[in-house]
Amino acid sequence: MTTSHVQSTRPAGLRACLALASLLGLSGLVPACTFGGPAILCCTNADEVTYEDPRAFGQYAVAKTTARELTAVAQRSFDEVVTACRNIATDLDSAPPDDTRWMSGRDAAEGWCNLASRAITGQIKAKGSFRVTIAPPRCRASVAARANCQALCTTDGRCETSTSPPRCTGGKLQIACRGTCSARGGAEVGCEGTCEGSCQGSCTTTEGVACNGACDGVCEATASGGREANGVCKGTCKGTCSSVAPGATCKGSCEGTCRGACKGTGTVAVRCDGACDGASELLACEGGKLEGGCAADPKCDANCDARAAAALECSLPEVSLEVGKGVEPKHVRSLRENLPRLALNAQGRGEALVTVIANVTRTLAASVSSEALDTEGIACLNQLGSQTADSLTTMQASVRASSEVLTGLRP
């Protein structure tokens, strides 16, 4: 990226007009590049912008990356919703109507999800009892990713989480612990690793664990039961059990909560949310909002919050189904495979991203000091703002379409 700091030779009146457009978020005032048009009025390359003040380097770099990451996650969410709804509609033997203009473009999510909802009603709900339970998704925000972003917003280009640790408001800070991790003020500790006690959550083991959920592996029958028609394993699971039976011990890797000690070694760390008696490293904020950390330029730091939201790592929510006896197993399998994607976009991450993208759309143009950019730089910033505004429409379509399917699942 070019970082030469030169004084602008472009007309002051034009510069003031573009700056006003930037501050007001009026990207439409900046015309698109056209053949033969004045180069100073358009953005020819958003990656090559001249800064008239070094303070703008970090501001612009973070604003640019934020816009692009939000655009990417909005499109990815939209594609996930379209794919999930198309899979359900197709698997449930629902033929599309003759008019297929809605099967592509911005209307694809609404079109396919409407078809999926009708298929669910006709093929499953109409055949007896029907109940769906969806566990909320678990989402994590990376501490390192936010710190790297904040480093661009500081005067010295550095951000050390060891000296300026962030807060996990409304959630729990996860750490990598090379030692014993114990609960803070409670009987259980969040654990991903070896649990010396009963594990509540999922367990991956070759020795077998008493299971009360989906089993990705072999489900051996016991006195408690075996693999049931709805796919739930109530026997011994050798593989990955999504929900360990109450009080069971996981002789493998536990992912959930541990009633006991979550232990690592000097070379292998466990992920936990308790107090570590050995070397530890901050990893992520789960179930809350990552805040604080290094002292940074407020304009720039606000976009770091948005980038953290765009980079959330979310596990697919677990879906439990109860259906009538006349429902075909392949139809149940399709719902179990595709509903989690719709739930992820309709709840939690999807709704949160709509709010984040809307806020960035309003504030992106003002997040870089307009006097520190030349006129082409301001045009590029407005172009990025236009992309973010378009991604808001895309994200809203994803949430709306997936939410309508989930609403239709209610009795």
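Residues numbered from 1 in each chain as written. Predicted model: local features only at pLDDT ≥ 70, side-chain atom pairs only at ≥ 80, totals over all residues. Heavy atoms only, no water.

Using the criterion set out here, one finds 21 salt bridges in the structure. Of the charged contacts in the structure, one is a salt bridge between Asp390 and Arg106, with a shortest N-O distance of 3.3 Å. Highlighted residues: Asp390 in helix α8 (residues 375-407) and Arg106 in the loop between α2 (56-91) and α3 (108-123), separated in sequence by 284 residues. According to the relative accessible area criterion, Asp390 is partly exposed, its value standing at 42%. Note that Asp301 is salt-bridged to Arg146, the shortest N-O span being 3.6 Å. One end of the pair, Asp301, is in helix α5 (residues 298-310); the other, Arg146, is in helix α4 (residues 143-152), and 155 residues separate them in sequence. Per residue, the accessibility class of Asp301 equals that of Arg146, and both read buried. In this structure, a network of salt bridges that share partners links the residues Arg138, Arg140, Glu192, Glu255, Arg271 and Glu286. (Salt bridge = Lys/Arg side-chain N within 4 Å of Asp/Glu carboxyl O. Helix = DSSP H or I, 4+ residues; strand = E, 2+ residues; numbered from the N terminus. Buried < 20%, exposed > 50% of the residue type's maximum accessible area, 1.4 Å probe, protein only.)

On to the packing of α2 against helix α6 (residues 329-346). Following both chains from N to C, one finds α2 and α6 inclined at 160°, their axes separated by 9 Å at the closest point. When the axis of α2 is compared with that of α6, the two are roughly antiparallel. Like other packed secondary-structure pairs, α2 and α6 cross with a definite hand, here left-handed. Listed contacts from α6 to Ser77, Glu80, Val81, Ala84, Cys85, Asn87, Ile88 and Asp91 of α2 are Lys330, His331, Ser334, Leu335, Asn338, Leu339, Arg341, Leu342 and Asn345. (Axes fitted to C-alpha atoms, helices over the stretch in contact; angles between N-to-C directions. Parallel < 35°, antiparallel > 145°, perpendicular 65-115°, else oblique. Left-handed = near helix turned anticlockwise from the far one by under 90°. Contact = heavy atoms within 4.5 Å.)

Once that is clear, we can look at the confidence of the model for the chain. Per-residue confidence for the chain averages 84 on the pLDDT scale, and 88% of its residues sit at or above 70. At the low end of the mean pLDDT range in the chain sits helix α1 (residues 12-24), at 44; at the high end sits strand β9 (residues 236-241), at 96. Long-range and interchain partners of residues 34-40, a stretch whose pLDDT sits below 50, account for six contacts in this model, where long-range means more than four residues apart. (pLDDT = per-residue confidence, 0-100.)

Before going further, it helps to examine the state of the cysteines. Considering all chains together, one arrives at 16 disulfides under this definition. For Cys168, the disulfide goes to Cys285, at an S-S distance of 2.1 Å. Disulfide Cys168 to Cys285: torsion about the S-S bond roughly 70°, handedness right-handed. Taken together, the residues Cys168 in strand β3 (residues 166-169) and Cys285 in strand β13 (residues 279-286) connect sequence positions 117 residues apart. As far as burial versus exposure is concerned, Cys168 and Cys285 are alike and both buried. (Disulfide = S-S within 2.5 Å.)

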